[in-house]
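Structural description and commentary
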Amino acid sequence: MKTFPMFLQMAGRRVVIVGGGEQAAQKARLILKTEARIDVLAPSLEEELADLAAAGRVHHDAGPISAAHFADTSLVFVATGCAGADGALHALAKAAGTTVNVVDRPDLCDAITPSIVDRDPVVVAIGTEGTAPVLARQIKTRMEQALEPRLGDLAALAGRLRSSAAQRLGPRARRDLWRWVFNDAPRAVHAGGAEREAAQLIKDAIRTGDFGAKAGGSVALVGAGPGAADLITLRAVQRLQEADVIFYDRLVDPEVLELARRDAERVYVGKAPGCHAWPQERITAMLVATARQGKRVVRLKSGDPGVFGRAAEELEALKGADIPVEIVPGVTSASGAAAAAGEVLTERGKVDTLVLTTGHSEIRPEAPEWFDRLVPGTRVALYMAVRAAGDVSRLLASAPQADRIEICVVANAQTEHQQVVTCTPRALPTCLERHGITDTAIIFVTLPKTAAVAPLKQIA
Ligand code: SAH
(Lines give C-alpha, C1' and ligand atoms only; values in the text may rest on other atoms or scores of the structure.)
Protein backbone atom coordinates (compact mmCIF):
# COMPACT_ATOMS: atom_id res chain seq x y z
CA MET A 1 0.00 0.00 0.00
CA LYS A 2 1.43 3.33 -1.00
CA THR A 3 -1.39 5.05 0.88
CA PHE A 4 -3.04 4.01 4.11
CA PRO A 5 -6.72 4.64 4.84
CA MET A 6 -7.51 6.47 8.08
CA PHE A 7 -10.55 8.40 9.27
CA LEU A 8 -9.54 11.92 10.25
CA GLN A 9 -11.04 13.56 13.31
CA MET A 10 -13.00 16.55 12.02
CA ALA A 11 -15.20 17.84 14.85
CA GLY A 12 -13.90 21.24 15.94
CA ARG A 13 -10.97 21.13 13.47
CA ARG A 14 -10.18 23.56 10.70
CA VAL A 15 -9.94 22.79 6.98
CA VAL A 16 -8.56 25.35 4.52
CA ILE A 17 -9.56 25.38 0.86
CA VAL A 18 -7.50 27.64 -1.38
CA GLY A 19 -9.34 28.65 -4.53
CA GLY A 20 -12.77 30.02 -5.37
CA GLY A 21 -13.78 28.01 -8.45
CA GLU A 22 -15.72 24.81 -9.14
CA GLN A 23 -12.98 22.46 -7.92
CA ALA A 24 -12.79 24.34 -4.64
CA ALA A 25 -16.59 24.14 -4.40
CA GLN A 26 -16.39 20.36 -4.88
CA LYS A 27 -14.02 20.04 -1.94
CA ALA A 28 -16.22 22.33 0.16
CA ARG A 29 -19.24 20.11 -0.60
CA LEU A 30 -17.28 17.11 0.62
CA ILE A 31 -16.01 18.71 3.82
CA LEU A 32 -19.44 20.21 4.60
CA LYS A 33 -20.53 16.66 5.42
CA THR A 34 -18.18 16.84 8.41
CA GLU A 35 -18.18 19.03 11.52
CA ALA A 36 -15.00 20.90 10.55
CA ARG A 37 -14.80 24.69 10.21
CA ILE A 38 -14.06 25.55 6.58
CA ASP A 39 -11.96 28.57 5.57
CA VAL A 40 -11.91 29.45 1.88
CA LEU A 41 -8.99 31.62 0.74
CA ALA A 42 -9.61 33.24 -2.65
CA PRO A 43 -9.89 36.73 -4.09
CA SER A 44 -13.38 35.91 -5.38
CA LEU A 45 -15.86 33.04 -5.13
CA GLU A 46 -18.03 31.26 -7.69
CA GLU A 47 -21.78 31.26 -6.99
CA GLU A 48 -22.15 28.18 -4.81
CA LEU A 49 -19.22 29.12 -2.57
CA ALA A 50 -20.45 32.70 -2.36
CA ASP A 51 -23.85 31.41 -1.20
CA LEU A 52 -22.20 29.16 1.38
CA ALA A 53 -20.14 32.11 2.64
CA ALA A 54 -23.23 34.32 2.82
CA ALA A 55 -25.01 31.60 4.80
CA GLY A 56 -22.07 31.39 7.21
CA ARG A 57 -21.34 27.75 6.36
CA VAL A 58 -17.83 28.56 5.13
CA HIS A 59 -15.62 31.49 6.09
CA HIS A 60 -14.24 33.56 3.25
CA ASP A 61 -10.92 35.39 3.34
CA ALA A 62 -10.15 37.41 0.20
CA GLY A 63 -6.90 38.89 1.46
CA PRO A 64 -3.30 37.92 0.65
CA ILE A 65 -2.35 34.40 1.76
CA SER A 66 0.43 33.85 4.27
CA ALA A 67 1.85 30.84 6.16
CA ALA A 68 -0.25 31.89 9.19
CA HIS A 69 -3.40 30.83 7.31
CA PHE A 70 -2.23 27.22 7.41
CA ALA A 71 -1.31 27.01 11.09
CA ASP A 72 -3.45 24.60 13.13
CA THR A 73 -5.27 23.07 10.16
CA SER A 74 -6.15 19.40 9.80
CA LEU A 75 -6.19 19.51 6.05
CA VAL A 76 -5.49 21.94 3.24
CA PHE A 77 -6.93 21.65 -0.26
CA VAL A 78 -5.24 23.68 -2.97
CA ALA A 79 -7.40 24.24 -6.05
CA THR A 80 -6.65 27.60 -7.61
CA GLY A 81 -6.72 26.22 -11.16
CA CYS A 82 -3.27 27.75 -11.81
CA ALA A 83 -0.35 25.29 -11.72
CA GLY A 84 2.24 27.90 -10.65
CA ALA A 85 0.13 29.25 -7.82
CA ASP A 86 -0.77 25.70 -6.68
CA GLY A 87 2.93 24.83 -6.41
CA ALA A 88 3.78 27.93 -4.35
CA LEU A 89 0.76 27.47 -2.05
CA HIS A 90 1.68 23.83 -1.54
CA ALA A 91 5.14 24.91 -0.36
CA LEU A 92 3.62 27.48 2.00
CA ALA A 93 1.19 24.97 3.51
CA LYS A 94 3.90 22.33 3.89
CA ALA A 95 6.06 24.82 5.73
CA ALA A 96 3.23 25.09 8.28
CA GLY A 97 3.44 21.31 8.71
CA THR A 98 -0.08 20.45 7.61
CA THR A 99 -1.53 17.69 5.41
CA VAL A 100 -2.00 18.95 1.85
CA ASN A 101 -4.02 17.84 -1.14
CA VAL A 102 -3.40 19.68 -4.41
CA VAL A 103 -6.20 18.95 -6.86
CA ASP A 104 -5.06 17.02 -9.97
CA ARG A 105 -1.43 16.92 -8.73
CA PRO A 106 -0.92 13.48 -7.16
CA ASP A 107 2.81 14.25 -6.83
CA LEU A 108 1.93 17.11 -4.43
CA CYS A 109 -0.59 15.19 -2.30
CA ASP A 110 0.03 13.93 1.23
CA ALA A 111 -3.51 12.57 1.19
CA ILE A 112 -5.97 11.71 -1.54
CA THR A 113 -9.74 11.77 -1.16
CA PRO A 114 -11.41 8.38 -1.60
CA SER A 115 -14.74 7.55 -3.24
CA ILE A 116 -17.20 7.66 -0.39
CA VAL A 117 -20.39 5.80 0.40
CA ASP A 118 -22.04 7.88 3.06
CA ARG A 119 -24.41 6.27 5.55
CA ASP A 120 -23.22 8.52 8.34
CA PRO A 121 -22.02 7.36 10.88
CA VAL A 122 -21.24 4.36 8.66
CA VAL A 123 -18.80 5.52 6.00
CA VAL A 124 -17.13 3.40 3.33
CA ALA A 125 -14.01 4.84 1.70
CA ILE A 126 -12.77 3.31 -1.56
CA GLY A 127 -9.38 4.00 -3.07
CA THR A 128 -7.35 2.55 -5.93
CA GLU A 129 -4.29 4.81 -5.53
CA GLY A 130 -5.26 6.45 -8.79
CA THR A 131 -4.89 3.23 -10.82
CA ALA A 132 -8.55 2.62 -11.68
CA PRO A 133 -11.05 5.39 -10.89
CA VAL A 134 -13.71 3.59 -12.97
CA LEU A 135 -13.33 0.49 -10.80
CA ALA A 136 -13.68 2.67 -7.69
CA ARG A 137 -16.96 4.00 -9.06
CA GLN A 138 -18.20 0.48 -9.82
CA ILE A 139 -17.39 -0.63 -6.30
CA LYS A 140 -19.14 2.46 -4.97
CA THR A 141 -22.28 1.59 -6.98
CA ARG A 142 -22.23 -1.94 -5.53
CA MET A 143 -21.88 -0.61 -2.02
CA GLU A 144 -24.64 1.95 -2.56
CA GLN A 145 -26.90 -0.93 -3.55
CA ALA A 146 -25.83 -3.20 -0.72
CA LEU A 147 -26.19 -0.65 2.10
CA GLU A 148 -29.74 0.55 2.54
CA PRO A 149 -30.17 4.33 2.90
CA ARG A 150 -31.37 3.99 6.51
CA LEU A 151 -28.42 1.86 7.63
CA GLY A 152 -26.68 4.86 9.22
CA ASP A 153 -29.71 5.50 11.44
CA LEU A 154 -29.68 1.87 12.57
CA ALA A 155 -25.96 2.10 13.40
CA ALA A 156 -26.61 5.34 15.32
CA LEU A 157 -29.42 3.62 17.22
CA ALA A 158 -27.08 0.73 18.06
CA GLY A 159 -24.55 3.29 19.27
CA ARG A 160 -27.13 4.80 21.64
CA LEU A 161 -28.01 1.37 23.04
CA ARG A 162 -24.44 0.16 23.54
CA SER A 163 -24.10 1.18 27.16
CA SER A 164 -27.46 -0.31 28.10
CA ALA A 165 -26.39 -3.58 26.42
CA ALA A 166 -23.04 -3.43 28.24
CA GLN A 167 -24.81 -3.11 31.59
CA ARG A 168 -27.03 -6.13 31.08
CA LEU A 169 -25.13 -8.55 28.85
CA GLY A 170 -21.72 -10.21 28.95
CA PRO A 171 -19.24 -9.79 26.06
CA ARG A 172 -20.30 -12.95 24.25
CA ALA A 173 -24.02 -12.22 24.49
CA ARG A 174 -23.32 -8.68 23.26
CA ARG A 175 -21.60 -10.01 20.17
CA ASP A 176 -24.55 -12.29 19.49
CA LEU A 177 -26.91 -9.38 20.05
CA TRP A 178 -25.25 -7.09 17.51
CA ARG A 179 -24.87 -9.90 14.99
CA TRP A 180 -28.60 -10.50 15.26
CA VAL A 181 -29.37 -6.76 15.05
CA PHE A 182 -27.48 -6.26 11.78
CA ASN A 183 -28.31 -9.61 10.21
CA ASP A 184 -31.80 -10.35 11.18
CA ALA A 185 -35.18 -8.98 12.16
CA PRO A 186 -34.12 -5.54 13.47
CA ARG A 187 -32.29 -4.63 10.28
CA ALA A 188 -35.08 -5.91 8.03
CA VAL A 189 -37.75 -4.12 10.05
CA HIS A 190 -35.68 -0.92 10.16
CA ALA A 191 -34.87 -1.01 6.44
CA GLY A 192 -38.59 -1.26 5.74
CA GLY A 193 -39.10 2.06 7.52
CA ALA A 194 -40.43 0.77 10.87
CA GLU A 195 -37.76 2.45 12.99
CA ARG A 196 -39.70 2.46 16.24
CA GLU A 197 -40.51 -1.26 15.95
CA ALA A 198 -36.84 -2.03 15.27
CA ALA A 199 -35.77 -0.07 18.35
CA GLN A 200 -38.35 -1.91 20.44
CA LEU A 201 -37.12 -5.30 19.19
CA ILE A 202 -33.55 -4.44 20.20
CA LYS A 203 -34.55 -3.04 23.59
CA ASP A 204 -36.65 -6.15 24.32
CA ALA A 205 -33.72 -8.36 23.33
CA ILE A 206 -31.36 -6.46 25.63
CA ARG A 207 -33.86 -6.79 28.47
CA THR A 208 -34.64 -10.49 28.00
CA GLY A 209 -31.36 -11.71 26.49
CA ASP A 210 -33.41 -13.50 23.81
CA PHE A 211 -32.30 -12.70 20.25
CA GLY A 212 -34.45 -15.29 18.52
CA ALA A 213 -37.18 -12.96 17.32
CA LYS A 214 -37.73 -13.26 13.61
CA ALA A 215 -39.45 -10.71 11.45
CA GLY A 216 -42.83 -12.13 10.50
CA GLY A 217 -43.60 -13.04 6.91
CA SER A 218 -44.16 -10.19 4.49
CA VAL A 219 -44.55 -9.55 0.79
CA ALA A 220 -43.05 -6.77 -1.32
CA LEU A 221 -44.54 -6.19 -4.77
CA VAL A 222 -41.41 -4.98 -6.50
CA GLY A 223 -40.96 -3.31 -9.89
CA ALA A 224 -37.94 -4.59 -11.81
CA GLY A 225 -38.02 -1.83 -14.44
CA PRO A 226 -38.42 -2.28 -18.18
CA GLY A 227 -35.35 -4.34 -18.99
CA ALA A 228 -31.82 -3.26 -18.18
CA ALA A 229 -30.76 -4.40 -14.71
CA ASP A 230 -29.47 -0.93 -13.81
CA LEU A 231 -32.92 0.59 -14.23
CA ILE A 232 -34.05 -1.08 -11.02
CA THR A 233 -34.34 1.08 -7.90
CA LEU A 234 -32.02 0.84 -4.89
CA ARG A 235 -35.02 -0.04 -2.74
CA ALA A 236 -35.90 -2.91 -5.05
CA VAL A 237 -32.33 -4.25 -4.77
CA GLN A 238 -32.63 -4.03 -1.01
CA ARG A 239 -35.83 -6.06 -0.97
CA LEU A 240 -34.25 -8.63 -3.30
CA GLN A 241 -31.35 -9.01 -0.92
CA GLU A 242 -33.65 -9.51 2.05
CA ALA A 243 -35.95 -11.95 0.30
CA ASP A 244 -36.19 -15.62 1.22
CA VAL A 245 -38.34 -16.38 -1.82
CA ILE A 246 -38.75 -14.49 -5.12
CA PHE A 247 -41.65 -15.06 -7.48
CA TYR A 248 -40.73 -13.52 -10.82
CA ASP A 249 -42.25 -12.86 -14.23
CA ARG A 250 -41.33 -13.60 -17.81
CA LEU A 251 -40.07 -10.14 -18.68
CA VAL A 252 -37.72 -9.81 -15.71
CA ASP A 253 -34.09 -9.61 -16.78
CA PRO A 254 -32.00 -12.56 -15.46
CA GLU A 255 -29.36 -10.04 -14.36
CA VAL A 256 -31.88 -8.54 -11.95
CA LEU A 257 -32.23 -11.91 -10.23
CA GLU A 258 -28.46 -11.95 -9.81
CA LEU A 259 -28.94 -9.07 -7.36
CA ALA A 260 -30.77 -11.38 -4.94
CA ARG A 261 -29.13 -13.37 -2.16
CA ARG A 262 -27.53 -16.51 -3.49
CA ASP A 263 -29.59 -18.78 -1.27
CA ALA A 264 -32.94 -17.10 -1.99
CA GLU A 265 -35.45 -19.44 -3.61
CA ARG A 266 -36.47 -18.28 -7.10
CA VAL A 267 -39.83 -19.31 -8.50
CA TYR A 268 -40.74 -18.60 -12.12
CA VAL A 269 -44.41 -17.83 -12.48
CA GLY A 270 -44.12 -16.24 -15.91
CA LYS A 271 -47.03 -16.02 -18.20
CA ALA A 272 -46.20 -16.14 -21.87
CA PRO A 273 -48.84 -14.20 -23.80
CA GLY A 274 -51.86 -16.38 -24.37
CA CYS A 275 -50.69 -19.31 -22.27
CA HIS A 276 -51.05 -19.02 -18.53
CA ALA A 277 -48.27 -21.10 -16.99
CA TRP A 278 -49.42 -20.16 -13.50
CA PRO A 279 -52.98 -18.90 -13.18
CA GLN A 280 -53.19 -15.65 -11.23
CA GLU A 281 -55.18 -17.29 -8.42
CA ARG A 282 -52.39 -19.80 -7.89
CA ILE A 283 -49.74 -17.05 -7.73
CA THR A 284 -51.82 -15.12 -5.24
CA ALA A 285 -52.41 -18.21 -3.10
CA MET A 286 -48.70 -19.04 -3.14
CA LEU A 287 -47.76 -15.51 -2.01
CA VAL A 288 -50.13 -15.79 0.94
CA ALA A 289 -49.02 -19.31 1.86
CA THR A 290 -45.28 -18.50 1.65
CA ALA A 291 -45.59 -15.33 3.74
CA ARG A 292 -47.61 -17.30 6.30
CA GLN A 293 -44.59 -19.58 6.75
CA GLY A 294 -42.78 -16.47 8.08
CA LYS A 295 -40.79 -15.92 4.88
CA ARG A 296 -39.88 -12.60 3.34
CA VAL A 297 -41.36 -12.76 -0.13
CA VAL A 298 -40.65 -10.61 -3.17
CA ARG A 299 -43.13 -10.63 -6.01
CA LEU A 300 -40.97 -9.25 -8.81
CA LYS A 301 -42.79 -7.79 -11.78
CA SER A 302 -41.51 -6.10 -14.90
CA GLY A 303 -41.77 -2.32 -15.11
CA ASP A 304 -43.88 -0.86 -12.33
CA PRO A 305 -45.90 -3.38 -10.33
CA GLY A 306 -48.87 -1.01 -10.31
CA VAL A 307 -49.15 -0.71 -14.09
CA PHE A 308 -50.90 -3.66 -15.78
CA GLY A 309 -49.29 -5.98 -13.28
CA ARG A 310 -52.39 -7.58 -11.72
CA ALA A 311 -51.07 -6.28 -8.45
CA ALA A 312 -54.51 -5.26 -7.18
CA GLU A 313 -55.61 -8.88 -6.84
CA GLU A 314 -52.45 -9.80 -4.97
CA LEU A 315 -52.69 -6.74 -2.72
CA GLU A 316 -56.27 -7.47 -1.80
CA ALA A 317 -55.57 -11.11 -0.95
CA LEU A 318 -52.51 -10.23 1.15
CA LYS A 319 -54.28 -7.48 3.03
CA GLY A 320 -57.23 -9.83 3.56
CA ALA A 321 -54.83 -12.37 5.07
CA ASP A 322 -53.31 -9.68 7.33
CA ILE A 323 -49.88 -10.05 5.76
CA PRO A 324 -47.71 -6.90 5.72
CA VAL A 325 -47.38 -5.83 2.10
CA GLU A 326 -45.36 -3.08 0.50
CA ILE A 327 -45.24 -1.74 -3.06
CA VAL A 328 -41.82 -0.82 -4.44
CA PRO A 329 -42.37 1.22 -7.61
CA GLY A 330 -40.39 0.68 -10.78
CA VAL A 331 -39.77 2.38 -14.11
CA THR A 332 -42.77 1.47 -16.23
CA SER A 333 -42.13 0.38 -19.82
CA ALA A 334 -43.76 3.50 -21.28
CA SER A 335 -41.03 5.55 -19.55
CA GLY A 336 -38.35 3.09 -20.57
CA ALA A 337 -39.62 3.00 -24.16
CA ALA A 338 -39.86 6.78 -24.54
CA ALA A 339 -36.35 7.19 -23.16
CA ALA A 340 -35.07 4.47 -25.49
CA ALA A 341 -36.57 6.37 -28.44
CA GLY A 342 -34.90 9.58 -27.22
CA GLU A 343 -38.35 11.06 -26.69
CA VAL A 344 -40.20 12.60 -23.80
CA LEU A 345 -43.64 11.45 -22.70
CA THR A 346 -45.24 14.86 -22.41
CA GLU A 347 -44.21 18.00 -24.19
CA ARG A 348 -45.35 21.53 -23.44
CA GLY A 349 -47.49 22.89 -26.22
CA LYS A 350 -47.66 19.57 -28.09
CA VAL A 351 -48.68 16.76 -25.74
CA ASP A 352 -50.07 17.51 -22.32
CA THR A 353 -52.13 14.39 -21.69
CA LEU A 354 -50.66 10.94 -21.37
CA VAL A 355 -52.88 7.87 -21.40
CA LEU A 356 -51.52 4.51 -20.32
CA THR A 357 -53.80 1.75 -21.54
CA THR A 358 -53.82 -1.74 -22.90
CA GLY A 359 -54.36 -2.70 -26.51
CA HIS A 360 -55.98 -5.97 -25.66
CA SER A 361 -59.19 -5.85 -23.82
CA GLU A 362 -61.15 -8.79 -22.51
CA ILE A 363 -64.47 -7.28 -23.45
CA ARG A 364 -63.84 -5.81 -26.85
CA PRO A 365 -66.13 -2.87 -27.55
CA GLU A 366 -66.53 -1.45 -31.04
CA ALA A 367 -63.92 1.23 -30.46
CA PRO A 368 -61.84 1.02 -27.29
CA GLU A 369 -62.17 3.80 -24.73
CA TRP A 370 -58.76 5.24 -25.42
CA PHE A 371 -59.87 6.10 -28.92
CA ASP A 372 -62.43 8.57 -27.54
CA ARG A 373 -59.70 10.16 -25.43
CA LEU A 374 -57.45 10.74 -28.42
CA VAL A 375 -58.10 14.48 -28.65
CA PRO A 376 -55.36 16.88 -29.85
CA GLY A 377 -52.56 17.11 -27.27
CA THR A 378 -52.80 13.44 -26.25
CA ARG A 379 -50.33 10.59 -26.34
CA VAL A 380 -51.61 7.07 -25.75
CA ALA A 381 -49.14 4.40 -24.67
CA LEU A 382 -50.60 1.05 -25.62
CA TYR A 383 -49.32 -1.89 -23.58
CA MET A 384 -49.84 -5.49 -24.76
CA ALA A 385 -51.07 -4.21 -28.09
CA VAL A 386 -48.91 -5.87 -30.75
CA ARG A 387 -51.46 -8.57 -31.46
CA ALA A 388 -54.21 -5.98 -31.77
CA ALA A 389 -52.13 -3.87 -34.18
CA GLY A 390 -54.45 -4.64 -37.14
CA ASP A 391 -57.49 -3.34 -35.24
CA VAL A 392 -55.57 -0.32 -33.95
CA SER A 393 -54.41 0.50 -37.47
CA ARG A 394 -57.89 0.24 -39.04
CA LEU A 395 -59.42 2.33 -36.29
CA LEU A 396 -56.84 5.12 -36.50
CA ALA A 397 -56.71 5.15 -40.30
CA SER A 398 -60.45 5.83 -40.34
CA ALA A 399 -60.18 8.71 -37.84
CA PRO A 400 -60.84 12.18 -39.24
CA GLN A 401 -57.40 13.35 -38.10
CA ALA A 402 -55.61 10.22 -39.35
CA ASP A 403 -52.95 12.10 -41.24
CA ARG A 404 -51.89 14.00 -38.11
CA ILE A 405 -51.54 10.91 -35.93
CA GLU A 406 -47.95 9.82 -35.20
CA ILE A 407 -47.11 6.22 -34.38
CA CYS A 408 -43.91 5.13 -32.64
CA VAL A 409 -43.32 1.53 -31.65
CA VAL A 410 -40.60 0.59 -29.17
CA ALA A 411 -39.99 -3.13 -28.83
CA ASN A 412 -37.88 -4.69 -26.06
CA ALA A 413 -37.01 -1.24 -24.75
CA GLN A 414 -33.85 -0.99 -22.67
CA THR A 415 -32.63 -4.45 -23.71
CA GLU A 416 -30.06 -5.50 -26.29
CA HIS A 417 -32.91 -6.36 -28.68
CA GLN A 418 -34.42 -2.90 -28.53
CA GLN A 419 -36.10 -1.60 -31.72
CA VAL A 420 -37.62 1.81 -32.35
CA VAL A 421 -39.78 2.34 -35.45
CA THR A 422 -42.13 5.07 -36.54
CA CYS A 423 -44.89 4.83 -39.15
CA THR A 424 -48.31 6.06 -40.17
CA PRO A 425 -51.45 4.48 -38.68
CA ARG A 426 -52.20 2.67 -41.94
CA ALA A 427 -48.70 1.18 -42.19
CA LEU A 428 -48.61 -0.16 -38.62
CA PRO A 429 -49.22 -3.90 -39.31
CA THR A 430 -46.78 -4.10 -42.21
CA CYS A 431 -44.23 -2.08 -40.29
CA LEU A 432 -44.39 -4.49 -37.32
CA GLU A 433 -44.16 -7.46 -39.68
CA ARG A 434 -41.21 -6.03 -41.58
CA HIS A 435 -39.28 -5.49 -38.34
CA GLY A 436 -40.30 -8.85 -36.90
CA ILE A 437 -41.99 -7.24 -33.87
CA THR A 438 -44.37 -9.87 -32.54
CA ASP A 439 -44.45 -9.37 -28.82
CA THR A 440 -43.06 -7.08 -26.11
CA ALA A 441 -43.59 -3.52 -27.30
CA ILE A 442 -45.22 -0.23 -26.47
CA ILE A 443 -47.17 1.38 -29.29
CA PHE A 444 -47.28 5.15 -28.82
CA VAL A 445 -50.16 6.88 -30.58
CA THR A 446 -49.80 10.66 -30.58
CA LEU A 447 -52.19 13.32 -31.78
CA PRO A 448 -50.27 16.57 -31.31
CA LYS A 449 -51.96 19.84 -30.52
CA THR A 450 -52.81 21.90 -33.54
CA ALA A 451 -50.50 24.86 -34.12
CA ALA A 452 -53.24 27.33 -33.40
CA VAL A 453 -54.91 26.07 -30.25
CA ALA A 454 -57.92 28.16 -29.41
CA PRO A 455 -57.29 29.95 -26.10
CA LEU A 456 -59.67 29.26 -23.26
CA LYS A 457 -62.63 31.57 -23.61
CA GLN A 458 -62.71 34.04 -20.80
CA ILE A 459 -65.73 33.59 -18.65
CA ALA A 460 -67.74 36.74 -18.86
N1 SAH B 1 -45.88 -3.71 -15.27
C2 SAH B 1 -45.31 -3.54 -16.59
C3 SAH B 1 -46.28 -3.89 -17.69
C4 SAH B 1 -46.65 -5.35 -17.73
S5 SAH B 1 -47.74 -5.72 -19.04
C6 SAH B 1 -44.79 -2.12 -16.74
O7 SAH B 1 -45.04 -1.26 -15.88
O8 SAH B 1 -44.10 -1.87 -17.72
C9 SAH B 1 -46.63 -6.31 -20.26
C10 SAH B 1 -46.49 -5.31 -21.38
O11 SAH B 1 -45.59 -4.30 -20.99
C12 SAH B 1 -45.91 -5.86 -22.65
O13 SAH B 1 -46.90 -6.48 -23.43
C14 SAH B 1 -45.39 -4.62 -23.32
O15 SAH B 1 -46.45 -3.89 -23.92
C16 SAH B 1 -44.91 -3.83 -22.13
N17 SAH B 1 -43.46 -4.02 -21.91
C18 SAH B 1 -42.85 -4.64 -20.88
N19 SAH B 1 -41.53 -4.56 -21.00
C20 SAH B 1 -41.27 -3.87 -22.13
C21 SAH B 1 -40.11 -3.45 -22.82
N22 SAH B 1 -38.91 -3.75 -22.34
N23 SAH B 1 -40.25 -2.76 -23.97
C24 SAH B 1 -41.45 -2.44 -24.45
N25 SAH B 1 -42.59 -2.82 -23.84
C26 SAH B 1 -42.51 -3.52 -22.72
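Here the structure is a predicted model, which is why all the values come from computation and not from measurement.

Next up on the list: the overall build of the protein chain. The helix and strand inventory of the protein chain stands at 16 helices and 17 strands. A globule of 460 residues ought to have a C-alpha radius of gyration of about 23 Å, yet the protein chain, at 29 Å, is considerably larger. Seen through its principal axes, the protein chain has C-alpha atoms that stretch 85 × 65 × 55 Å. Buried residues in the protein chain amount to 42% of all 460 residues. In the protein chain, 65% of the contacts between residues at least 6 apart in sequence involve partners at least 24 apart. As displayed, the protein chain offers around 25000 Å² of accessible surface, 52% of which is attributable to carbon and sulfur atoms. Positive and negative side-chain charges in the protein chain, numbering 54 and 54 respectively, have mean positions lying 4 Å apart.

Glancing now at the side chain of His90. Locating His90 in the fold gives a position in helix H3 (residues 83-95). Note on His90: relative accessible area 13%, which makes it buried. Residues contacting His90, with those up to four places away along its chain left out, are Val100, Val102 and Leu108.

This next bit is on the sheet that holds strand E15 (residues 406-411). Strands sit in the order E13-E14-E17-E15-E16 across an open sheet of 5 strands; the sheet is mixed. In this open sheet, the two edge strands, each paired with only one partner strand, are strand E13 (353-358) and strand E16 (419-423). Mean inter-strand twist for the sheet, computed between neighbouring axes without regard to direction, equals 20°. Examined bridge by bridge, strand E14 (residues 378-383) and strand E17 (residues 441-447) share 5 bridges and lie antiparallel to one another. Among the inter-strand pairings, Leu382 is bridged to a residue of E17, identified as Ile443. Helix H13 (residues 333-340) contacts E13, E14, E15, E16 and E17 of the sheet and is inclined by roughly 75° relative to E17.

Following the criterion strictly, the structure yields 5 aromatic pairs and no others. Where Trp370 meets Phe371, the ring centres are 6.3 Å apart and the plane angle is 85°; that geometry is what we call edge-to-face. Since its relative accessible area comes to 3%, Trp370 is described here as buried. A cation sits over an aromatic face here: Arg282 above Trp278, 3.9 Å from the ring centre.

Bringing unusual backbone geometry into the picture now. Across the junction of Asp120 and Pro121, the peptide omega takes the value 10°, indicating a cis bond. Examined against the element boundaries, Pro121 turns out to sit in the loop between strand E6 (115-119) and strand E7 (122-126). Look at Asn412: it is not a glycine, yet its phi comes out positive at around 45°. Here Asn412 lies in the loop between E15 and E16. For Gln414, which is not a glycine, the phi torsion comes out positive at approximately 60°. Take Gln414: it is sitting in the loop between E15 and E16. For Gln414, a relative accessible area of 22% translates into the label partly exposed.

Once that is clear, we can look at the pattern of salt bridges. Across all of its chains, the model carries 26 salt bridges by this definition. Arg310 serves as the salt-bridge partner of Glu313, at 2.8 Å between the closest nitrogen and oxygen. For Glu313, a relative accessible area of 34% corresponds to the partly exposed category. Looking at Arg310, the relative accessible area reads 35%, which means it is partly exposed. What you see here is one network of salt bridges that share partners, running through Asp249, Arg299, Lys301 and Glu314.

If you walk across this open sheet you meet the 5 strands as E3-E2-E1-E4-E5, and the pairing is parallel. Each edge of the open sheet carries a strand with a single partner, namely strand E3 (59-61) and strand E5 (100-102). Taking each pair of neighbouring strands and ignoring which way they run, the sheet shows an average axis angle of 20°. As paired elements, strand E1 (residues 14-18) and strand E4 (residues 75-78) share 4 bridges and run parallel to each other. Residue pairing for E4: Val18 is matched across the bridge by Val78. Each of E1, E4 and E5 touches H3; the most contacted strand, E5, lies at about 175° to it.

A word on the side chain of Thr128. Structurally, Thr128 can be placed in the loop between E7 and helix H4 (133-146). Judged by relative accessible area, Thr128 falls into the buried class, the value being 16%. Of the polar contacts made by the side chain of Thr128, one reaches the backbone nitrogen of Ala132; its length is 3.2 Å. When residues no more than four places from it in sequence are discounted, the contact partners of Thr128 are Pro133 and Ala136.

According to the domain assignment, the protein chain contains domain 1 (14-113), domain 2 (151-208), domain 3 (218-331) and domain 4 (341-447). The centre of domain 2, based on its C-alpha atoms, is set 29 Å off from the matching centre of domain 3.

Below, the discussion takes up the site of the ligand. The environment of the ligand is formed by 17 residues, the closest being Pro226, Val307, Thr332, Ser333 and Ala441. In the environment of the ligand, an oxygen atom lies 2.6 Å from a nitrogen or oxygen atom belonging to the side chain of Thr332. Taking Ala413, its main chain carries an N or O atom lying 2.8 Å from a nitrogen atom of the ligand. Protein contact buries 93% of the 550 Å² of open area that the ligand shows by itself. Grouping the constituent residues of the shell around the ligand by class yields 10 nonpolar, 6 polar and 1 charged.

To continue, consider the state of the cysteines. Inspection of the entire model under this criterion finds 0 disulfides. Free of any disulfide, Cys109 has its nearest neighbouring cysteine sulfur in Cys82, separated by 16 Å.

Scoring rules and cut-offs
Residues numbered from 1 in each chain as written. Predicted model: local features only at pLDDT ≥ 70, side-chain atom pairs only at ≥ 80, totals over all residues. Heavy atoms only, no water. Helix = DSSP H or I, 4+ residues; strand = E, 2+ residues; numbered from the N terminus. Rg over C-alpha atoms; globule rule 2.2 N^0.38 Å. Buried < 20%, exposed > 50% of the residue type's maximum accessible area, 1.4 Å probe, protein only. Contact = heavy atoms within 4.5 Å. Areas by Shrake-Rupley, 256 points an atom, 1.4 Å probe, with all protein chains shown as cover. Lys, Arg positive; Asp, Glu negative; His and termini not counted. Charge placed at Lys NZ, Arg CZ, Asp CG, Glu CD. Pairing = 2+ DSSP bridges. Axes fitted to C-alpha atoms, helices over the stretch in contact; angles between N-to-C directions. Phe/Tyr/Trp six-rings, centres within 6.5 Å; stacked < 30°, edge-to-face > 60°. Lys NZ or Arg CZ within 6 Å of the ring centre and 35° of its normal. Salt bridge = Lys/Arg side-chain N within 4 Å of Asp/Glu carboxyl O. Polar contact = N/O pair within 3.5 Å; in protein donor to acceptor, adjacent residues only side chain to side chain. Domains from an automatic or database assignment. Near = heavy atom within 4 Å. Nonpolar A, V, L, I, M, F, W, Y, C, P; charged D, E, K, R; others polar. Disulfide = S-S within 2.5 Å.

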